[in-house]
Structures are given as C-alpha cells and as structure tokens.
Amino acid sequence: MRLFARGCFVILALLLFMVSAKAQIQPLHGMLEYSATQCAWPTLTVEAGNGSAAYVLVLEPSLDIKNNIVGIDVVMRRPGAAREARNLLEPPYRWHGYQQYMFAASEFKSGPNGSTFGATRNIVIKNRKLSLKFTVVDVATKSTDVPSLPNDYAFNKLVLDIEVKNLQ
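What you are looking at is a predicted structure, and each value in this text was computed from that prediction instead of being measured.

A. Structural detail: the nonpolar core. Formed by 34 residues in total, the largest nonpolar core has its most connected members in Leu57, Val74, Met76, Phe103, Leu132, Phe134 and Phe155. Secondary structure elements with two or more residues in this core: strand E1 (28-35), strand E2 (43-47), strand E3 (53-63), strand E4 (69-77), strand E5 (102-104), strand E6 (120-125), strand E7 (130-143) and strand E8 (153-166).

This is the structure we're talking about:
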C-alpha cells in the first residue's frame, strides 16, 4: 500500500510539474488604436493557457485642463478589476517619472522614432513571467491652445502593435 501511495505521489508531482511548465498565457499579437474620431477605447484580452481571460489591456487617456488628450497609458489588469486597480505594467518597486507604457503626445510631434523610448518598447514582468512589446505603428498629434503647459501637444491618433508572450 505504501508503494502505491508513493507511486501516486510521484505521478501527481510529475503532473503538477508538467502543468506549470506549460504556457501560462496564449501568446497575443494585436492592435490598440486611439482615434479622435472614435468614441470607444479599445481593449485586448490576453487568454490563459486554458482559454479563459487572464489579463485585459486598455488605453487610458491623460487630459490637460482643456480636456485635450496629452498622454495615453497602456494599462494591464486582471479581468473584472476596478478601473482604479493597479496597472500591472507598473514596476513592482517604488518608482517615479516616465515609464515605457506611457505615451506623451509632445514626444511624437516628429513621429514615433523621436520619442524617448523610440518606436518600439519592451517590458518584462518577471513575477508574472511575461514579456510585452509595444510598437507605435501610426501616430498623429496637434498643437493645443494651452502653450503655457509643458505638454502643449495632444493626440489625434495613436496605433500600437502589441505582442504579449511568456518569458522564455
């Protein structure tokens, strides 16, 4: 009987190891697009290995005092999380300043390659074993009528090609 129990334990341990070795998410390649001519803000759903929703990616605007969209953040949350929930793309430690998931319109007045992080940005989330890649495919900005503010440009359009995959 003890031999049988040990055998069951070994089989169970192997099964758990095999399940954890499988992909935690299904790789995703999609687009998120903001356009001043659209009312909706798009979302992308990252699916777990079993097909259920694991994460949701959305674009969230930052507005100036005249409601111009001067910044757009890519936000990743668990499905059903409140809008106020922490962005899972934020660094896990205390941080400040500009991050790779933040897009400021003033950076893109000369196109995607002139921005601080360039046209392509990579984020690794070690504790979730994920790798994300954002590429600015198309961007259009306009000058605002609030020249006294540091961000005197607003987005007309921002199109991001997004790839999410498991860390290797």
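B. Representation of the pairing of E6 within the structure. Burial along E6 is one-sided: Arg121, Ile123 and Ile125 are buried, and none of Thr120, Asn122 and Val124, which face the opposite way, are. Here E6 pairs with E7 via six bridges, running antiparallel. For Ile123, the partnering residue across the bridge sits in E7 and is Leu132. The antiparallel pairing of E6 with E7 creates a hairpin that spans four residues between the two strands, and Lys129 there sits at a positive phi of about 55 degrees.

C. Up close: unusual backbone geometry. Even without glycine at this site, Asn67 takes up a positive phi of about 65 degrees. Within the element layout of this structure, Asn67 appears in the loop between E3 and E4. For Asn67, a relative accessible area of 57% corresponds to the exposed category. For Lys129, which is not a glycine, the phi torsion comes out positive at approximately 55 degrees. Note that Lys129 resides in the loop between E6 and E7.

D. Layout of the packing of aromatic side chains. Counted by the stated rule, this structure contains six aromatic pairs. With a centroid separation of 5.7 Å and 15 degrees between ring planes, the pair formed by Tyr98 and Phe117 is classed as stacked. Taken together, the residues Tyr98 in the loop between E4 and E5 and Phe117 in the loop between E5 and E6 connect sequence positions 19 residues apart. Between Phe108 and Phe155, the aromatic rings sit 6.1 Å apart at their centres with planes inclined by 45 degrees, giving tilted as the arrangement. Of this pair, Phe108 sits in the loop between E5 and E6 while Phe155 sits in strand E8, and the two are 47 residues apart along the sequence. By relative accessible area, which is 2% here, Phe155 ends up buried. An aromatic cluster of at least three residues, connected via ring pairs, comprises Phe103, Phe108, Phe134 and Phe155. The positively charged end of Arg78 is found above the aromatic ring belonging to Tyr55, 5.1 Å away from the centroid.

E. Local environment of the sheet that holds E4. The sheet built from four strands is open, its strands ordered E2-E3-E4-E5 with antiparallel pairing. Among the strands making up the open sheet, the edge pair consists of E2 and E5. Taking the axes of each pair of neighbouring strands and ignoring which way they run, one obtains an average angle of 15 degrees across the sheet. Of the strand pairs in this sheet, E2 and E3 are connected by five bridges, and their pairing is antiparallel. By the bridge assignment for E3, Thr43 is matched with Val58.

F. The sheet that holds E7, seen in detail. Pairing in this open sheet of four strands is antiparallel, and the strands run E1-E8-E7-E6 from one edge to the other. Both outer strands of the open sheet, E1 and E6, are each paired with one neighbouring strand and no more. Ignoring which end each strand starts from, the neighbouring axes of this sheet average 20 degrees apart.

Cut-off values and rules
- Residues numbered from 1 in each chain as written.
- Predicted model: local features only at pLDDT ≥ 70, side-chain atom pairs only at ≥ 80, totals over all residues.
- Heavy atoms only, no water.
- Core = buried A, V, L, I, M, F, W, Y, C linked by side-chain atoms within 4.5 Å.
- Buried < 20%, exposed > 50% of the residue type's maximum accessible area, 1.4 Å probe, protein only.
- Helix = DSSP H or I, 4+ residues; strand = E, 2+ residues; numbered from the N terminus.
- Pairing = 2+ DSSP bridges.
- Phe/Tyr/Trp six-rings, centres within 6.5 Å; stacked < 30°, edge-to-face > 60°.
- Lys NZ or Arg CZ within 6 Å of the ring centre and 35° of its normal.
- Axes fitted to C-alpha atoms, helices over the stretch in contact; angles between N-to-C directions.

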